[in-house]
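A closer look at the structure
Each chain, letter by letter, is given below.
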Amino acid sequence: MIRLLVLATFVVILNETIMINAIPRLMTDLRVTEQAAQWLSTAFMLTMAAVIPVTGWFLQRVSTRRAYATAMGVFLAGTALAAVAPAFEILLLARIVQATGTAVMMPLLMTTLMTVVPEQDRGRVMGTVTMAMSVAPAMGPAVSGLILQLGSWRFLFAAVLPIAALITWRGLARLENVGEPQLSTIDWFSVGAAAVGFGSLVYGLSRFGAGGTAVPAIIVATGLAAIAAFALRQLRLQRRDVPLLDLRVLRHSGYALSLLLMALGFMAMMGAMILLPIYLQNLRGLSPLQTGLLVMPGGLAMGLLGPVVGRLYDRFGARVLIIPGALGIVAALAGLTQISMAMPYWQVLALHVLLMVSLAAAFTPVFTLGLGALPAHLYSHGSSMLGTLQQVAAAFGTALVVTVMASRAESRVAGGAGQAMAQLDGMRLAFVIAAALAVVMVAAAFLLPKQTNPAEEPETASADIDLEDLELTLEPAC
């Protein structure tokens, strides 16, 4: 069952970054600008950030099979629509539909894993899950580069559609329900505040790289205000034990630290994913296929190491993996600050592989340790918050490196430097900022415990004892 969920999650998350290499082709075929084409990736992240907070409530309300059927059915509909989209607007709508299905699959996988897998085996199984949640975005540009070399951008969706349909059919045939659905109401104010808050935050962050700071700053401020209203609403709803997203997960220090480490790691990964294709294609003249092949070994290494890292986690705990992994991320990003027009391709390849291997060493224990720190009834809320923060971190990392690169390049051009050298200098500074964030990741890693035992909720909303239940409990003893 876990294998089927991992495979399904890998396929749907792969689509988050699969459009990165297709932007030049889309600009020509659909006659749109680069800014408009970027929306195919931005809208995907936006939708994920807006929908994922609702999945905690959704997964508690419906059975495992129904959640799986809903998620994959919506994803298949979006993929089919994208493959035949006659215009850019229809393709953008299809991407939003795809993202809605993807947003359900990630928390569903994590919640099911934490429920059915014994604690002593979670590291090994989470190693496989890491492949789906971390390697799929890393493999997206490589896969799309290969497919685009063979034909139209529509093949990106036509190739995914039968694979996703087969996985859906196999999943519905073998998947079993885990736990019992709980009937509950939904607070629509919370739904709206989450959609506006997380959606505006991701959108505002993505706009920083497009020039100008006033409008993006206003959008980000609006998002933060809506998130604050959402958080206050959840605190009020927690008194009745009916929050849309239970913020009590943040009371567990192991989970909160894991969120920080995961966010920093995703910022580093997405920053490198954005900068390296620009460097390799715009400055070094490689094709999308050549770029995809050069970054593919790093993605493959990350995936293959996931199960190995998981077994090491079960045996030795988290710190012995996360600390070296964080140090490796710093070393790789520090090496990339030295990129030049003459840097050998094998050196770029080696630094990228080091980055991906180090991320693999960190992500698996971070996910396992973080969710393992929560009591069972908070698994769905913990995985929802994890998925939401991934999207925010990805958008923030992308916006940060692009903004730093563009600002530095503009100042160098104003000082008389050539366009290519100015952009190269901007990339170096962006990698310096990413390396500085990775240093914070190292510091946070030292605060983690070696192993986290499942926790109990420190304060339960239903603390009042029902006297009738107490009488029934004590009756046999009397």
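Residues numbered from 1 in each chain as written. Predicted model: local features only at pLDDT ≥ 70, side-chain atom pairs only at ≥ 80, totals over all residues. Heavy atoms only, no water.

1. Re the confidence of the model for the protein chain
Of all residues in the protein chain, 87% attain a pLDDT of 70 or more, and the chain-wide mean is 79. Contacts of residues 456-478 to residues separated by more than four positions or lying in other chains number 18 contacts, the stretch itself having pLDDT below 50. (pLDDT = per-residue confidence, 0-100. Contact = heavy atoms within 4.5 Å.)

2. Description of empty space enclosed by the protein
Evaluated as defined, the whole model comprises 3 cavities of 30 Å³ or more. A volume near 60 Å³ is recorded for the second largest cavity. What lines the second largest cavity is Leu-264, Met-267, Ala-268, Gly-271, Gly-397, Leu-400, Val-401, Ala-434, Leu-437 and Ala-438. Where the lining of the second largest cavity is concerned, the elements lending two or more residues are helix H10 (253-283), helix H14 (379-414) and helix H15 (419-445). When grouped by side-chain class, the residues that make up the lining of the second largest cavity number 8 nonpolar, 2 polar and no charged. (1 Å grid on protein atoms, 1.4 Å probe; cavity = no way out; pocket = protein on both sides within 12 Å on 5 of 7 lines; lining within 4 Å. Points joined across faces, edges and corners; volume = space filled by probe spheres on them. Helix = DSSP H or I, 4+ residues; strand = E, 2+ residues; numbered from the N terminus. Nonpolar A, V, L, I, M, F, W, Y, C, P; charged D, E, K, R; others polar.)

3. Details of the packing of helix H4 (residues 64-83) against helix H5 (residues 88-116)
Closest axis-to-axis distance for the H4/H5 pair is 8 Å, and the angle between their directions is 155 degrees. Between H4 and H5, the crossing angle belongs to the class labelled roughly antiparallel. In the crossing of H4 with H5, the sense of the turn from one axis to the other is left-handed. Its residues assigned to classes, the contact of H4 with H5 comprises 17 nonpolar, 8 polar and no charged. (Axes fitted to C-alpha atoms, helices over the stretch in contact; angles between N-to-C directions. Parallel < 35°, antiparallel > 145°, perpendicular 65-115°, else oblique. Left-handed = near helix turned anticlockwise from the far one by under 90°.)

4. Things to note about the packing of helix H12 (residues 319-336) against H15
One can describe the packing of H12 onto H15 by two numbers: an axis separation of 8 Å at closest approach and a directional angle of 165 degrees. As the angle between them shows, H12 and H15 are arranged roughly antiparallel. When the axes of H12 and H15 are compared, the crossing they make is left-handed. Only Phe-431, Ala-434, Ala-435, Ala-438, Val-439, Met-441, Val-442 and Ala-445 of H15 make contact with H12, whose side of the interface consists of Arg-319, Ile-322, Ile-323, Ala-326, Leu-327, Ile-329, Val-330, Leu-333, Ala-334 and Leu-336. The residue makeup of the contact of H12 with H15, split by class, is 17 nonpolar, no polar and 1 charged.

5. Here we look at the packing of aromatic side chains
Inspection of the entire model under this criterion finds 2 aromatic pairs. Both rings, one in Trp-153 and one in Phe-157, keep their centres 6.5 Å apart while their planes meet at 85 degrees; by these two values the pair is edge-to-face. A single burial state applies to Trp-153 and to Phe-157, both of which are buried. Here Phe-266 and Phe-363 contribute two aromatic rings whose centre-to-centre distance is 5.1 Å and whose plane-to-plane angle is 40 degrees, an arrangement assigned as tilted. (Phe/Tyr/Trp six-rings, centres within 6.5 Å; stacked < 30°, edge-to-face > 60°. Buried < 20%, exposed > 50% of the residue type's maximum accessible area, 1.4 Å probe, protein only.)

6. Let's talk about the environment of Arg-284
One can find Arg-284 in the loop between H10 and helix H11 (288-316). Overall, Arg-284 belongs to the buried group, its relative accessible area being 17%. Arg-284 sits 136 residues away from Ala-420 along the chain, and the two C-alpha atoms are 9.9 Å apart. Those residues within four positions of Arg-284 in sequence are excluded, and the remaining contacts are Tyr-279, Ser-340, Met-341, Ala-342, Met-343 and Tyr-345. In terms of polar contacts, Arg-284 uses its side chain to reach the side chain of Tyr-279, at 2.6 Å. A polar contact of 3.4 Å, which involves the side chain of Arg-284, links it to the backbone oxygen of Ser-340. (Polar contact = N/O pair within 3.5 Å; in protein donor to acceptor, adjacent residues only side chain to side chain.)

7. Observations regarding the nonpolar core
Counting 139 residues, the largest nonpolar core has Tyr-68, Met-105, Tyr-255, Tyr-279 and Leu-333 as the members making the most contacts within it. Here the element with the most residues in this core is H10; it accounts for 20 residues. Once residues within four sequence positions are removed from consideration, Tyr-255 is found in contact with Val-249, Leu-250, Gly-370, Leu-371, Ala-373, Leu-374, Gly-382, Met-385 and Leu-386. Residues Met-19, Val-32, Ala-85 and Ala-94 belong to the second largest nonpolar core, which totals 20 residues. (Core = buried A, V, L, I, M, F, W, Y, C linked by side-chain atoms within 4.5 Å.)

8. Description of H12
Taking 1.5 Å of rise per residue, 18 residues should cover 26 Å, and H12 covers 26 Å from first to last C-alpha, within 8% of that figure. Considered for burial, the residues of H12 that qualify are Leu-321, Ile-322, Ile-323, Gly-325, Ala-326, Gly-328, Ile-329, Val-330, Ala-332, Leu-333, Gly-335 and Leu-336. Of the surrounding secondary structure, the elements contacted by the buried residues of H12 are H10, H11, helix H13 (345-372) and H15. (Expected span 1.5 Å × (residues − 1).)

9. Examining the side chain of Thr-168
Mapped onto the fold, Thr-168 is located in helix H7 (residues 155-174). A polar contact is formed between the side chain of Thr-168 and the backbone oxygen of Ala-164, at a distance of 2.7 Å. When neighbours within four sequence positions are excluded, Thr-168 is seen to be in contact with Tyr-68, Met-72 and Leu-76.

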